[in-house]
Amino acid sequence: MPTPDITPGAPCWIDLMTSDTEKAKDFYNALFGWTYETGDEETYGGYITASKDGKLVAGIMQKQADMGAMPDLWSTYLRTDDIKATTEAAAANGGQVYMEPMDVPEQGSMAMYGDSSGASIGAWQFGQMKGFEVAAEPGSPAWHELLAKDYDSAVSFYQKVFGWDTNVMSDTPEFRYTTLGAGDNAKAGIMDAAGVLSDEVPSMWSVYFAVENTDATVEQALALGATVMHAAEETPFGRLATLIDPTGAVFKVIQDLGQSA
């Protein structure tokens, strides 16, 4: 599988902020076959990189004690070629800068924002690390989706801050959805979730992982200590389920029904 074509503005990395890195590593190793490498504490803060068949797919980091009640969660990072300008644009277009641009020695630069709908989103400027090296293959990220309570504002934010060339996939009262790119070339989506998320749940990005068989993956995840948030169901894009890992992080798995299980 060739390395994904990650264009500016597109998802380029995901990582898990977890309260128990060892439990998370064991879970995703058993579920997806991931292997790990831990960066040194002084330079990289013990950041863990996960690989699938020798290719980078994700990161894992320890949640700090001062983060309080913040849940364990998966985050998506979008590629930028000018992280300083992107940070300025985020602040100027209704977003909040949670973390100013920070150099990661030799690897690149990162920042973290709250977008105009309140969802947390990361930015990554390439250095030596140029994002995940495999996508849409079993055990790797397959799709990235923003559930936005303020849909119109969110679409505008990503157009202006990350330069998204958007395509309206659906615009009915029941289902409003915009993608970065169109059709088979789409790289991420924004869904109007105003009628989906409860008052207590903020706008959020969701990470989908490709699997060979959704039902078998759900069964295995349950045996490994996960819980089911939304049971497996057929969608126009594949068989989808939403899971909560053993420490509380939400993720989705999807099976391409055009491929054999």
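Above this text is the structure in question.
Our subject in this report is the structure included herewith.

Rules and cut-offs
- Residues numbered from 1 in each chain as written.
- Predicted model: local features only at pLDDT ≥ 70, side-chain atom pairs only at ≥ 80, totals over all residues.
- Heavy atoms only, no water.
- Helix = DSSP H or I, 4+ residues; strand = E, 2+ residues; numbered from the N terminus.
- Rg over C-alpha atoms; globule rule 2.2 N^0.38 Å.
- Buried < 20%, exposed > 50% of the residue type's maximum accessible area, 1.4 Å probe, protein only.
- Contact = heavy atoms within 4.5 Å.
- Lys, Arg positive; Asp, Glu negative; His and termini not counted.
- Charge placed at Lys NZ, Arg CZ, Asp CG, Glu CD.
- Pairing = 2+ DSSP bridges.
- Axes fitted to C-alpha atoms, helices over the stretch in contact; angles between N-to-C directions.
- Parallel < 35°, antiparallel > 145°, perpendicular 65-115°, else oblique.
- Left-handed = near helix turned anticlockwise from the far one by under 90°.
- Nonpolar A, V, L, I, M, F, W, Y, C, P; charged D, E, K, R; others polar.

1. Description of the overall build of the chain
Now for step 1: Across its full length, the chain carries five helices and 16 strands.
Now for step 2: What you see for the chain is a C-alpha radius of gyration of 17 Å, in line with the 18 Å of a compact globule of 261 residues.
Now for step 3: Dimensions of the chain, computed from the C-alpha atoms along their principal axes, are close to 50 × 45 × 40 Å.
Now for step 4: The buried share of the chain, taken over its 261 residues, is 47%.
Now for step 5: Look at the contacts in the chain between residues 6 or more apart in sequence, and 60% of them connect residues 24 or more apart.
Now for step 6: Looking at the chain, you have 14 positive and 38 negative side-chain charges, and the mean spots of the two groups are 2 Å apart.

2. Notes on the sheet that holds strand S6 (residues 96-104)
Sheets are built from strands that pair by backbone hydrogen bonding, the pairs being arranged parallel or antiparallel.
Now for step 1: Here we have eight strands laid out as an open sheet, ordered S2-S3-S4-S1-S5-S8-S7-S6, and mixed in their pairing. Across the chains shown, the open sheet's two edge strands, defined by having one partner strand only, are strand S2 (35-38) and S6. Strand-to-strand twist across the sheet, computed as the mean angle between neighbouring axes with direction ignored, equals 25°.
Now for step 2: Examined bridge by bridge, S2 and strand S3 (residues 48-52) share four bridges and lie antiparallel to one another. Bridge pairing in S3 places Tyr36 opposite Ala50.
Now for step 3: In the packing of helix H1 (residues 21-32) onto the sheet, contacts are made with strand S1 (11-18), S2, S3, strand S4 (55-62) and strand S5 (73-79), and the angle to S2 comes to roughly 150°.

3. Some details on the sheet that holds strand S12 (residues 188-192)
Now for step 1: Read from one edge of the open sheet, eight strands run S10-S11-S12-S9-S13-S16-S15-S14, paired in mixed fashion. Sheet topology places strand S10 (166-172) and strand S14 (227-235) at the edges, where each strand pairs with a single neighbour. Adjacent strand axes in the sheet meet at a mean angle of 20°, parallel and antiparallel pairs treated alike.
Now for step 2: Note that S14 and strand S15 (residues 238-244) share six bridges and pair antiparallel. By the bridge assignment for S15, His230 is matched with Thr242.
Now for step 3: Across the sheet, H1 touches strand S13 (204-211) and strand S16 (250-255), and the angle it forms with S16 is around 5°.
Now for step 4: Along the sheet, helix H5 (residues 214-223) makes contact with S13, S14, S15 and S16, crossing S15 at roughly 10°.

4. With respect to the packing of helix H3 (residues 83-92) against helix H4 (residues 151-162)
Now for step 1: Direction vectors running N to C along H3 and H4 enclose 150°, while the axes themselves pass 9 Å from each other. Accordingly, the angle class assigned to the pair H3 and H4 is roughly antiparallel. You can see that H3 and H4 cross each other, and the crossing is right-handed. Counting all contacts with H3, which are made through Thr86, Ala89 and Ala90, the residues of H4 involved are Phe157, Lys160, Val161 and Phe162.
Now for step 2: For the contact of H3 with H4, a count of residues per class yields five nonpolar, one polar and one charged.

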